[in-house]
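Structural features, examined
So you can see what is in the structure, the chains are spelled out below.
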Amino acid sequence: MTKQFWINLPVKDVNVSREFFGKLGFKFNSQFGNSANSTAMQIGEKDVIVMLFDEPTFKGFVENCGLADTAKGVEVLLSIDAESKEEVDELVEKAVAAGGKSNHKPHDMQGWMYGSLFIDPDGHSWNVLYMDMSKMPR
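For the structure given in this document, a descriptive report is provided here. In this numbering scheme, every chain counts its residues from 1 along its sequence in written order. Restriction of local features to residues with pLDDT of at least 70 applies here, the model being predicted, together with a cutoff of 80 or more for giving and counting side-chain atom pairs; totals for whole chains, interfaces and linings are based on all residues. The basis for the side-chain values is all heavy atoms of the structure; hydrogens and waters are excluded.

With that settled, the discussion passes to the sheet that holds strand β1 (residues 6-11). With mixed pairing, four strands are arranged side by side in an open sheet as β1-β4-β3-β2. What marks the edges here is a single partner per strand, and that holds for β1 and β2 (27-28). Should DSSP find at least two bridges between two strands, the strands are regarded as paired. Helix and strand assignments come from DSSP, with helices taken as H or I runs of at least 4 residues and strands as E runs of at least 2, each series counted from the N terminus. Pairing between β2 and strand β3 (residues 38-43): two bridges, direction antiparallel. Bridged to Lys-27 within β3 is Gln-42.

This part is about the side chain of Asn-29. As for its placement among the helices and strands, Asn-29 is situated in the loop between β2 and β3. Whether a residue is buried, partly exposed or exposed follows from its accessible area with a 1.4 Å probe, protein chains only, as a fraction of its type maximum: under 20%, in between, or over 50%, in that order. Asn-29 sits in the buried class, given a relative accessible area of 15%. N or O atoms closer than or at 3.5 Å make up a polar contact, with two conditions inside protein: a donor-capable atom paired with an acceptor-capable one, and, for residues adjacent in sequence, both atoms drawn from side chains. Within polar-contact distance, the side chain of Asn-29 engages the side chain of Gln-42 at 3.2 Å. Any two residues having at least one pair of non-hydrogen atoms within 4.5 Å are treated as being in contact. Aside from chain neighbours lying at most four places away, what touches Asn-29 is Asn-34, Ala-40, Gln-42 and Ile-49.

See the structure below:
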């Protein structure tokens, strides 16, 4: 049975991505491919690994496939949770201050969620979401 889950993303410059996500408070795991061509970012309490590979290395894994043009569309929406509405706002503000983008207004959804989006320097979309489980419909 599967024991770990990794997400792999292409990036133009590993150092730029490492610096960007470091400013947001993410940790990096030197055990998994921490090199000039890759870095392993840990997310959440279970330390899900998001491998950031430079584009030439990433292309080597997906032979005969092109990379998604993030300027023209969203290839995946990566969602991370926050402990409060304020933390949603703070993380998106940090992302913009670190060189990301956001034109998304934080807002309440379905009476129990609050979220916002930011775009990292490579155009990948990140959804930051606070969920008030006490208000979640049963």
